[in-house]
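Spelled out, the chains give:
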Amino acid sequence: MSEVRLAAEERTEFGKGAARRTRRAGKIPAVLYGHGSDPKHLALPALEFARVVREHGQNAVLTLDIDSTSELALTKTVTTHPIKNYIEHVDLLLVQRGEKVTVEIPVVVVGEPGPGVLVTQDLTSIQVEAEALHIPEQVEVSLSGLAAGAQVHASDIALPTGASLVTDAEALVLAVNAAPTAAELDGGEGEAADAEATEES
């Protein structure tokens, strides 16, 4: 994951009205916290930050230029408007080079399983601990050749060098089951129809 530099401004106004004014000015209200320091209330450039999230994901690491200082920060929480889909607020975590952080990363399923099976995915993301400047963008689970009865647990996922699993090792990520046959599907429908007929009579 590459490091991205953004210019940030300190905010002196707070509350909903101030947040709306910040967004109208093309900026996103943000709070930077961590390492026992007082939280800093910032305004980030909206278009640039949205592009960073789009290109680098939710765990983007930013170098923030604030006045004459620079801070390294991990994007911790991005709050998006539920209807209009713009970014309302961002929480940033102060980090240092070499420091390890715990983050959630997506699980991407690749490949094709064996014939006649149904795949159910229980986890779409897992938590890992990784060095702040080397956070994996995602991990992959291959379905290639998996037959009915196969299960993939969190501990089965190959992690990049330097990353360690935080999610429970026994957590079920996905399961491969035998797909129901046409006869089983028809039988189920027939039973439902029989039940309805019984209720009606």
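Below is a summary of the structure that appears in this document. (Residues numbered from 1 in each chain as written. Predicted model: local features only at pLDDT ≥ 70, side-chain atom pairs only at ≥ 80, totals over all residues. Heavy atoms only, no water.)

In total, this model carries three salt bridges according to the counting rule given. Here Glu 9 makes a salt bridge to Lys 27, at a shortest N to O gap of 3.3 Å. Taken together, the residues Glu 9 in strand β1 (residues 4–10) and Lys 27 in strand β2 (residues 27–34) connect sequence positions 18 residues apart. The class of Lys 27 is partly exposed, set by a relative accessible area of 23%. Of the charged contacts in the structure, one is a salt bridge between Lys 40 and Glu 71, with a shortest N-O distance of 3.3 Å. (Salt bridge = Lys/Arg side-chain N within 4 Å of Asp/Glu carboxyl O. Helix = DSSP H or I, 4+ residues; strand = E, 2+ residues; numbered from the N terminus. Buried < 20%, exposed > 50% of the residue type's maximum accessible area, 1.4 Å probe, protein only.)

Turning our attention to the sheet that holds β1. Taken in spatial order, the six strands line up as β1-β3-β2-β6-β5-β4 and close into a barrel, and their pairing is mixed. Direction aside, the axes of adjacent strands within the sheet are offset by 45° on average. In this structure, strand β5 (residues 69–80) lies alongside strand β6 (residues 87–94), joined through seven bridges in antiparallel fashion. Looking across to β6, one finds that Val 78 is bridged to Val 90. Where helix α1 (residues 16–24) meets the sheet, its contacts fall on β2, β3 (37–45) and β6, and the angle it forms with β2 comes to roughly 120°. Lying over the sheet, helix α2 (residues 46–56) contacts β1, β2, β3, β4 (61–66), β5 and β6, oriented at roughly 100° with respect to β3. (Pairing = 2+ DSSP bridges. Axes fitted to C-alpha atoms, helices over the stretch in contact; angles between N-to-C directions. Contact = heavy atoms within 4.5 Å.)

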